[in-house]
Amino acid sequence: MATKGIEWVNEYHGRASNLSNNDNNAQGFYNRLSGTKSFEYGDDLAWDQDFEESGTGSPSAGTDSSYADNVDVVFFSGHGSSSGMLFGKSNRDDGRARPSELGLGNKDCEWLVVDACEFLSRTDVFNRLRGAFKGLHYILGFHTTCLDVKDRGEKFAAKLNDGQRVRNAWINACAETENSGTECAYLRADSSGTDTFNDHWHGKGSVSADPTGSVSLFYLKTSC
Amino acid sequence: MNTNIFKIETRLPETEKQISIFTTATDTETRERKTSESLKSLIKLFGLTDRTSTDGEKMIATAKSKSVAVYQASDSFWYQDDDYFAREERKFSQELPDNNSAQDLALKFLKENGLMLDAAAIHSVSYTTVIAAKPDEKTGDEYNTEVHVNFRYSLDGLPVFGPGAKTRVSFVTDSINSGVYHFWREVTPQSKKRNLIDPKLALEIHAKNFRFSSLKEGAAKVIINKMELGYFAMSPTELQPALIPVYKISGVVSTESLPEYVFDHHVVAIKYSEADVKTMGFNIGNVKSLVF
């Protein structure tokens, strides 16, 4: 069974400016990608702790084993920065899923999509995000800022359904939805005996075994 | 405008009172004919087979690692050679053309194949960059695997913004073209111009948009540092009856939770009616919003 989950935020309650299209963007992904729908939480029901490893960070309220790490692919659409994914409410944890609080793949997650600005800024990217890879194959996102668009998620899902590699599908979806000044990016893990470069969505081509143990990381950024 | 939150640190654009409107061909018969003709010529150009398929959005021709997709909603295409496109291997960094050579190669390619349009000009050169880090390496080994020559478009001296107005020609060597995308719509200028709204009014509309409605005085700052008049071209997958006249407003928002993040917003630059929304295709995002 291939499973998927989404969280999105448009309403930031003054923590940042509001956004407009993240509901449609994430729901387009959710509705278009083949597979089982596991969860959708938006605005005030989207919580940083849903992405965080239990016992990490402060506060350490992480519940990823029930949400982000309980699906094959999880898609976040909202504000972001190199400091993490920003959520509209801070009363559950602290409203930010920080790189140091992530630890995905030790249960299920293969692909984390962060459709938000600068989460994958190249600055210190290995130090910031190496700990997130506990079996996780990819983080897909942006080195630069990106536009608040309604349809990148759907385009990405359509390309995955068409059998494109995960990495190609992301790069292509970004090119179709961004200005040329934007740079999309991914961070990929591989280890002995794995081949995540050729990852496809489940049922659409090969999917590598989970990279664990001594993991090499590959960061790629390219203009849209 | 709440000057306790908003600060303007740029000169407003000096504009004419009116702006030209550029329409595109959107009727199904024309689109199907243009897509078919375009695909035939691209198959020949890139040496592909004439076996084609469709995903409902694009007509696609493939041959081994090469493919070209023609977007049915616009006059756009994307050619990729998967053996070379966005690769990670270091060997692809060895023979990359330098910036000047890449620009010459891109111009030559577009001109020789009738793809260099009057509205296009080189904007920048960029790269696909890879950093590979072995276990426990903190910095990694950094190299480029593709060079891209990026073209942008202008009409009547005004820039065309958005994902539907760009051409990119990519190389891994002087003789290997790893990809070309050409996102553009053939446009027809209309005889009747439309009145522009004043840039100051556009700024007011922008400041009153719901995006900023929950920012609080003393806790948030919005600095507008650039404002340009131009047109907006939607994704090549969308039927867009007319390019949308817009003011592009760029700036920086600072809050305690998210200090100093930049934004680009577009405010429709003409006063429009409900009929315009349908005939010109202003349905941007989840609302028929003046700001997107």
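A short tour of the structure in this document, coming up.

Parameters at a glance
Residues numbered from 1 in each chain as written. Chains lettered and ligands numbered in written order. Predicted model: local features only at pLDDT ≥ 70, side-chain atom pairs only at ≥ 80, totals over all residues. Heavy atoms only, no water. Helix = DSSP H or I, 4+ residues; strand = E, 2+ residues; numbered from the N terminus. Rg over C-alpha atoms; globule rule 2.2 N^0.38 Å. Buried < 20%, exposed > 50% of the residue type's maximum accessible area, 1.4 Å probe, protein only. Contact = heavy atoms within 4.5 Å. Buried area = accessible area lost by both parts, 1.4 Å probe. Salt bridge = Lys/Arg side-chain N within 4 Å of Asp/Glu carboxyl O. Polar contact = N/O pair within 3.5 Å; in protein donor to acceptor, adjacent residues only side chain to side chain. Nonpolar A, V, L, I, M, F, W, Y, C, P; charged D, E, K, R; others polar. Pairing = 2+ DSSP bridges. Phe/Tyr/Trp six-rings, centres within 6.5 Å; stacked < 30°, edge-to-face > 60°. Lys NZ or Arg CZ within 6 Å of the ring centre and 35° of its normal. 1 Å grid on protein atoms, 1.4 Å probe; cavity = no way out; pocket = protein on both sides within 12 Å on 5 of 7 lines; lining within 4 Å. Points joined across faces, edges and corners; volume = space filled by probe spheres on them. Expected span 1.5 Å × (residues − 1). Arc of directions from axis to C-beta. Core = buried A, V, L, I, M, F, W, Y, C linked by side-chain atoms within 4.5 Å. Axes fitted to C-alpha atoms, helices over the stretch in contact; angles between N-to-C directions. Parallel < 35°, antiparallel > 145°, perpendicular 65-115°, else oblique. Left-handed = near helix turned anticlockwise from the far one by under 90°.

## So, the overall build of chain A
Looking only at helices and strands, chain A has four helices and ten strands in total. In sequence order, the secondary structure elements of chain A are arranged as β-α-β-β-β-β-β-β-α-β-α-α-β-β. Scaling as 2.2 N^0.38, a compact globule of 224 residues should have a C-alpha radius of gyration of about 17 Å, and chain A matches this with 15 Å. Dimensions of chain A, computed from C-alpha atoms along their principal axes, come out at roughly 45 × 35 × 35 Å. For chain A, the residues scored as buried account for 67% of the 224 residues in total. Partitioning the intrachain contacts of chain A with sequence separation of at least 6 by distance along the chain shows that 74% fall at a separation of at least 24.

## With respect to the interface of chain A and chain B
It is common to give the size of an interface as the accessible area that goes away when the parts come together. Contact residues are listed per partner, giving 56 residues for chain A and 57 residues for chain B. Here chain A packs against chain B, burying approximately 4300 Å² in sum over the two surfaces, 43% of which is carbon and sulfur. Counting the surface chain A buries against chain B, the share from its top three residues, Asn18, Phe126 and Glu176 of chain A, is 13%. Our count for the chain A to chain B interface comes out at five salt bridges. Across the chain A-chain B interface, the total number found is 33 residue pairs in polar contact (both at pLDDT 80 or more). Within the residue set of the side of chain A that touches chain B, elements represented by two or more residues are helix H1 (22-32), strand S4 (80-81), helix H2 (125-129), helix H3 (152-161), helix H4 (166-177), strand S9 (183-190) and strand S10 (216-223) of chain A. No other element matches the eight residues that S10 of chain A contributes to the side of chain A that touches chain B. Tallied by class, residues from the side of chain A that touches chain B come to 15 nonpolar, 22 polar and 19 charged. Relative to strand S8 (residues 120-133) of chain B, S10 of chain A is paired through five bridges, and the arrangement is antiparallel. From the neighbouring strand, Leu217 of chain A faces S8 of chain B, where its bridge partner is Ala133 of chain B.

## Regarding the packing of aromatic side chains
All chains considered together, the criterion is met by 26 aromatic pairs over all chains. Taken together, a centroid distance of 5.4 Å and an interplanar angle of 80° make the contact between Phe22 of chain B and Tyr231 of chain B edge-to-face. Highlighted residues: Phe22 of chain B in strand S3 (residues 22-24) and Tyr231 of chain B in strand S15 (residues 220-232), separated in sequence by 209 residues. By relative accessible area, Phe22 of chain B is classed as buried at 6%. Its relative accessible area of 0% is what places Tyr231 of chain B among the buried residues. Ring geometry for Tyr181 of chain B versus Phe183 of chain B: centroids 4.7 Å apart, planes at 15°, classification stacked. Comparing Tyr181 of chain B with Phe183 of chain B, the two get one shared label, buried. Here the aromatic residues Phe29, Phe75, Phe142, Phe156 and Trp170 of chain A are joined through ring pairs into a cluster of three or more. Over the ring of Trp47 of chain A we find Arg92 of chain A, and its NZ or CZ is 3.7 Å from the ring centre.

## Topic: the environment of Lys166 of chain B
Within the secondary structure, Lys166 of chain B is located in strand S11 (residues 166-171). When the C-alpha positions of Lys166 of chain B and Arg152 of chain B are compared, they lie 4.9 Å apart, and in sequence the two are 14 residues distant. If we ignore the near neighbours within four places in the chain, the residues touching Lys166 of chain B are Ala175, Glu178, Asn179, Ser180 and Cys224 of chain A together with Phe151, Tyr153, Tyr181, His182 and Phe183 of chain B.

## Notes on empty space enclosed by the protein
Residues and elements named next belong to chain A. Inspection of every chain in the model, using the stated rule, returns two cavities of 30 Å³ or more. Of the volumes computed, that of the largest cavity is approximately 40 Å³. Every residue lining the largest cavity is listed: Val73, Trp111, Val113, Leu140, Phe156, Leu160, Val166 and Trp201. Broken down by secondary-structure element, the contributors of at least two residues to the lining of the largest cavity are strand S7 (111-115) and H3. In the lining of the largest cavity, the residues fall into eight nonpolar, no polar and no charged.

## What about helix H2 (residues 99-112) of chain B?
All names here are of chain B. Relative to the 20 Å expected for 14 residues at 1.5 Å per residue, H2 spans 20 Å between its end C-alpha atoms, a close match to the ideal helical length. What H2 keeps buried is the set Ala102, Ala106, Phe109 and Leu110. Seen from one end, H2 has its buried residues packed into an arc of 90°, which puts them on one side. Exposed side chains of H2 directed beyond 90 degrees from the buried face belong to Asn100, Asp104, Lys108, Lys111 and Glu112.

## A short note on the sheet that holds strand S6 (residues 96-97) of chain A
Residue and element names in this part refer to chain A. Judged by pairing direction, the sheet is antiparallel, and its three strands sit side by side in the order S4-S5-S6 without closing on themselves. In the strand order of this sheet, the two ends are held by S4 and S6, each with one partner. As judged from the two bridges shared by strand S5 (residues 84-86) and S6, these two strands associate in the antiparallel manner. Directly across from Leu86, in S6, lies its bridge partner Arg96.

## Remarks on the nonpolar core
Counting residues in each nonpolar core, the largest one holds 85 residues, and the members touching the most others are Phe51, Met85, Leu112 and Ile139 of chain A. By residue number, the principal contributor to this core is S15 of chain B, which donates seven residues. Non-local contacts of Phe51 of chain A, meaning those with residues more than four positions away in its chain, are made with Glu7, Asp64, Ala68, Val74, Phe76, Met85, Phe87, Ala97, Glu101, Leu102, Leu104 and Leu112 of chain A. Trp8, Trp111 and Ala169 of chain A together with Ala132 of chain B belong to the second largest nonpolar core, which has 41 residues in total.

## Re the packing of H1 of chain A against H3 of chain A
All names here are of chain A. One way to put it is that H1 packs onto H3 with a least axis distance of 6 Å and a crossing angle of 20°. Regarding the angle of H1 to H3, the classification is roughly parallel. Relative to H3, the crossing made by H1 is right-handed. Residues Asn25, Gly28, Phe29 and Arg32 of H1 lie in contact with H3, whose contacting residues are Arg152, Gly153, Glu154, Phe156, Ala157, Ala158, Leu160 and Asn161. A per-class count over the contact of H1 with H3 returns five nonpolar, four polar and three charged.

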